[in-house]
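Residue-level structural notes
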Amino acid sequence: MIVAEAKPIKEILEMIEGFNKILVVGCKGCVTVCNVGGAKEVAILASAIRIAEKKKGKEVEVGEITLERQCDPEYIEELKDIIQDYEAVVSLACGVGPQFISERYPEARVFPAVNTKFMGGAVEHGVWAERCAGCGQCVIHYFGGMCPIARCSKSLMNGPCGGSNHGKCEVSPEIDCIWDKIVRKMMAQGRLDELLKIRPPKSWLTARDGGPRKMVREELAK
Amino acid sequence: MQEFKPKIVAFYCSNCASSAAEISNKLGLFLPENIKLINVPCTGRIEILHLLKAFENGADMVYVVGCQEDSCQYINGILKLKKRVAHVKNMLEQMGIEPQRLEVFSLYAGKGQDFVNIANEMLNRAKQLGPIY
Amino acid sequence: MKKQNPDMDVYIINRDIRTPGFKELLYREAREKGVIFIRYELDRKPVVKESDDGTVEVIVFDPVLQKDILIKADLISLQTAIEPVSNKEMAEVFGVELDEDNFFAASPEKLMPVDSTKEGIFIAGVANYPRDIKECISQARAAASKAISLLRAEYLLKGGAVAEVDPGKCAVCCTCVRTCPFGIPYIDHSRGAAYIDPLLCKGCGICVSECPGKAIKMSYCSDEMLVQAPAVLLKQIA
Amino acid sequence: MTEYKSGSNLEKVLKAGHFAFTGECGPPRGANVEVVRKKAQYLKGCVDAVNVTDNQTAVVRMSSWAACLILKEEGLDPNFQMVCRDRNRLAMQSDILGVSAHGIKNMLCLSGDHQRFGDHPEAKNVYDIDSIQLISMVKKMRDEGKFLNGEPIDVPPKLFIGAACNPFAEPLEFRVYRLAKKIAAGADFIQTQCIYNMKRFREFMKRVVDMGLHEKCYILAGITPLKSVGMARYMATQVPGMDVPEELIKRLKEAGKKKAAEEGIKIAVEQIQELKEMEGVAGVHLMAIEWEHRVPEIAKLAGMLPRPKVE
């Protein structure tokens, strides 16, 4: 799933400075699961804005709505009747949401309330970790089912580098050296020969480096 | 100037804290009129939103009374609540509100007197801090 | 044994003796009847040897006399420690918790000695922690009677304070499954949502507060009440 | 005339069977040419080649090829270093052609420290290809006269290809195989991370010899003299794969604060002598960054002077 983190309240308050009518829009998709953008977070942000503005002696009107998702036009359409009542729209969805709202409602002033971080999953309650960098050409089967592109700080295809330190990455003890795991697993499974194969340079054409991407499914698209 | 009467909301759980409250009643001790009590099965039930809503609706001070960290009947309710209180304190600071307006306490069941002491302590702190808005 | 034959020599060589409850009286009675208790240290354990005439000799360092003493024994009975067999597997089957010594943990709720951490599952005797026969029997009876009271009832009454999942709002994100202190919610794939068995739910509300999609509600202590109560109550203050 | 890969002084010394001795020079954090020339004077005649680091620890410094040219003017055989952090495959290949055009004949291919260590942690990194792919790319350009995409190069670059090796880094078991992989990719010589635990390095070299790697590639052992107890502690705890035996730290402590540096040099000299007799070791790479002025002294004490001249 897409994992995001909430922007600090201070930053959001600075963004909506001077607006009296603010619509807070949540999303029931990934951001609900990672506790930053669901109905619960919408209510919290709305309440926080009211309190902060009240403290400055300002009365603001804060609308709260949570869409099924913000990455399908039909749900963005549901804002049609209420969006013009507001001067600013704060979207708690991943980076897709605020842009879909801006595209559909060009005059609306749209602000992101979360920082979208990575594609990953929950390693324990309240902790999510990156697993995929969306490079467009999956090769984890070469590496014992683990992806060095997303999980090695240097995306090495022929790791580990000299900085692997007790199973941790030289960059930080918080980051596991994925190559330490790959090597130990494949050697334990007697697949040393695969490790000795020199992986050729990767084509980054399919990744973000090849330019913004679009996926067309001929059998589905009109 | 009319003397400032602070509005205080207190959440308390129905185990250690409420038995302490009952004892304080039996001791003939009563809470100051400014403090309004809200009962929850466990402090772990209280969310960040509930704490914020109390402030939004005019509370000058909010505090929570729960069990000891190792004797919560629901094991980690008070621990979860303490983390949420810390988070809300950080939010309050960013919103320009004094974080001391929010507090959490761990009580033993028998501590009737403490239940009232806490209430008075919160009342005094509210008076010092003055109205929230 | 002393009652049967007062002049029989009885020695109890021990590391530590606990005498909970009325057993303290037994301990005193034994000492009055002349039973000798010798405490040994781990680094000076008693030595048991077979002597040439076929009897067994025990050499132990007596802390009082500060000397080794030799006991020619006719009978030696070894009191082995009681350690839990691997309960991990069974604990997982029943979904109950183990305590830090791997015995089955009793319920954290007060005054419920024979309840495990899961509603409807009871524990008795040494499974909970080492104890003597009498206590095992009385616990067994207690557990049996609690079980019978459940089984005999035509219908079970349960307080209103339970959490309930609204499948429509459930994002099936497993937060409740992970955070319930008693491990009660599970993902019911036929419903495509989490499910909380009302009978098992202890009504603490932790899952209600943790649920990111606000899909779990608890009428006994609802969100509406918690959100609106402050406004209503604070109006009473002039 | 033996067929040289690039004909660099280092290659000639190694091919003639001499025990090589290479040094290292950290370029300045500015366009200060004089400081490079000064360092060159110390190293001249004491080393067969001089490594010139490439934004070491991701800290911006004069670029490696620029400092290499200055050292070359001073009569030294520069060893151009390239990391995979700062350039993509286009910039790498154009720099390789450039240095070769200017007569630089040695190149060290490294992964490079992650930019979060350095003075621009917000920078975007590249890591288009990794160090082993870089080795095979340079080999392909030199031996097949082809770019990475297979197209021909009019005048192929001539470079004696080097790589690094950290023998005691985790996962320990795989490190000798990774060395083998670098040699298979086309490395002509290897310079290891600095070594302090000679016993373990001897075991590592035994495995290298058993695999016959020392016959396919020249292996130089890295030596960094310890200046103080603090430095020894830092190396032992902070630097990955660094094993500094307790008795070395003890010797430095006993030598006392003032004399610690002397003791450090004494230890380095002993290590160099021991490495001379170790099977499979073709030379020593002395990394005395910011201590270039002590290199002549160390070289003399270790009996490495005069350096052989091979036509």
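Note that the structure is a prediction, hence the values are computed from the model and not measured. Note on numbering: residues in each chain are counted from 1, in written sequence order. The order in which chains are written sets their letters, starting at A; the order in which ligands are written sets their numbers, starting at 1. Only residues with pLDDT of at least 70 get local features here, since the model is predicted, and only at 80 or more are side-chain atom pairs given and counted; chain-wide, interface and lining totals rely on the full set of residues. As a convention, hydrogens and water are excluded, and side-chain values are obtained from all of the structure's heavy atoms.

1. Some remarks on the interface of chain B and chain A
Interface size is commonly expressed as the accessible area that is lost once the parts come together. Facing 15 residues of chain B, the contacting portion of chain A comprises 14 residues. Both sides of the chain B and chain A interface together cover about 1,400 Å² of buried area, and 66% of this is carbon and sulfur. Defined here as a combined quantity, buried area equals the accessible surface (1.4 Å probe) lost by two parts on assembly, summed across both. Sorting the residues of chain B by area buried against chain A places Glu56, Gln94 and Met95 of chain B first, and these three jointly supply 40% of that buried surface. Whenever Lys or Arg places a side-chain nitrogen within 4 Å of a carboxyl oxygen from Asp or Glu, that contact is recorded as a salt bridge. Our count for the chain B to chain A interface comes out at 1 salt bridge. A 3.5 Å cut-off defines polar contacts: any pair of N or O atoms within that distance qualifies, except that in protein one atom must be a possible hydrogen donor and the other a possible acceptor, and neighbouring residues in sequence count only when both atoms are side-chain atoms. Joining chain B to chain A, the criterion identifies 6 residue pairs in polar contact (both at pLDDT 80 or more). Contributions of two or more residues to the side of chain B that touches chain A are made by helix H2 (48-56) and helix H3 (77-94) of chain B. For helices the rule is a DSSP run of H or I covering at least 4 residues; for strands it is a run of E covering at least 2, with both sets numbered from the N terminus onward. Counting residues per element, the side of chain B that touches chain A draws most heavily on H2 of chain B, at 6 residues. Residue polarity follows a fixed list, in which Ala, Val, Leu, Ile, Met, Phe, Trp, Tyr, Cys and Pro are nonpolar, Asp, Glu, Lys and Arg are charged, and the others, Gly among them, are polar. For the side of chain B that touches chain A, the residue count by class is 9 nonpolar, 2 polar and 4 charged. The contact definition used throughout considers only heavy atoms, calling two residues in contact when any of these lie within 4.5 Å.

2. Some points on the pairing of strand E5 (residues 109-112) of chain A
Residue and element names in this part refer to chain A. Sheet topology places strand E4 (residues 88-91) next to E5; 4 bridges connect them, and they run parallel. By the bridge assignment for E5, Val90 is matched with Phe111. Handedness rule for crossovers: strands pointing away from the viewer, path from the first strand over the helix to the second running clockwise, crossover right-handed. After leaving E4, the chain enters helix H5 (residues 96-104) and then returns to the sheet as E5, a path that is right-handed. Paired strands, in this sense, are two strands between which DSSP finds at least two bridges.

3. Comments concerning the confidence of the model for chain D
Here chain D averages 94 in pLDDT, and 99% of its residues register 70 or above. Across the assembled chains, the prediction reports ipTM 0.80 with pTM 0.84. Per-residue confidence from the predictor is reported as pLDDT, which spans 0 to 100.

4. Examining the interface of chain C and chain B
With 31 residues of chain C at the contact, the number on the chain B side is 34 residues. Among the residues chain C hides against chain B, the three largest losses belong to Leu226, Leu234 and Ile237 of chain C. Together they make up 24% of the total. Summed over the shared surface of chain C and chain B, the number is 4 salt bridges. Between Lys214 of chain C and Glu47 of chain B there is a salt bridge whose closest N-O contact spans 2.5 Å. The tally of links from chain C across to chain B stands at 10 residue pairs in polar contact (both at pLDDT 80 or more). For the side of chain C that touches chain B, the elements supplying multiple residues, two or more each, are helix H5 (206-210) and helix H6 (223-235) of chain C. In terms of residue count, the dominant contributor to the side of chain C that touches chain B is H6 of chain C (9 residues). Grouping the amino acids of the side of chain C that touches chain B by side-chain chemistry returns 19 nonpolar, 6 polar and 6 charged.

5. Overview of the sheet that holds strand E1 (residues 2-6) of chain A
Residues and elements named next belong to chain A. Read from one edge to the other, the open sheet built from 3 strands follows the order E1-E6-E7, with strand pairing classed as antiparallel. If you trace the sheet from one side to the other, it starts and ends with E1 and strand E7 (127-132), each paired once. Between one strand and the next, the sheet's axes are offset by a mean angle of 70 degrees, whatever the strand orientation. For helices, the fitted line uses only the C-alpha atoms of the stretch in contact; every axis is such a line through C-alpha atoms, and the angle between N-to-C directions lies from 0 to 180 degrees.

6. Structural notes on the sheet that holds strand E6 (residues 189-194) of chain D
Residues and elements named next belong to chain D. What the 8 strands build is a closed barrel, ordered E1-E2-E3-E4-E5-E6-E7-E8; its pairing is parallel. Going across the sheet, the axis of each strand differs from the next one's by a mean of 30 degrees, ignoring polarity. Running over the sheet, helix H3 (residues 64-73) touches strand E1 (20-25), strand E2 (49-52) and strand E3 (78-83) and is turned about 180 degrees from E3.

7. Side note on the nonpolar core
Among buried residues, those of type Ala, Val, Leu, Ile, Met, Phe, Trp, Tyr and Cys that are joined through side-chain atoms within 4.5 Å constitute a nonpolar core. Each residue is assigned to one of three classes by its accessible area relative to the maximum for its type, calculated with a 1.4 Å probe on protein chains only: buried under 20%, partly exposed between the two thresholds, exposed over 50%. By size, the foremost hydrophobic cluster in this structure holds 107 residues, and its most contacted members are Tyr63 and Met95 of chain B. With 9 residues, the single largest contributor to this core is helix H3 (residues 39-55) of chain A. Setting aside chain neighbours within four positions, we find Met95 of chain B in contact with Ile9, Leu13, Ala48, Ile51, Ala52 and Lys55 of chain A together with Leu52 of chain B. Formed by 99 residues, the second largest nonpolar core is a distinct cluster that contains Val138, Leu159, Ile219 and Ile265 of chain D.

8. Side note on the arrangement of the chains
For the 4 pairs of chains in contact, the largest share of contacts goes to chains B and C. Kept free of each other, chain B and chain D leave a smallest C-alpha distance of 26 Å between them. Across the gap from chain C to chain D, with no contact made, the nearest C-alpha atoms are 33 Å apart.

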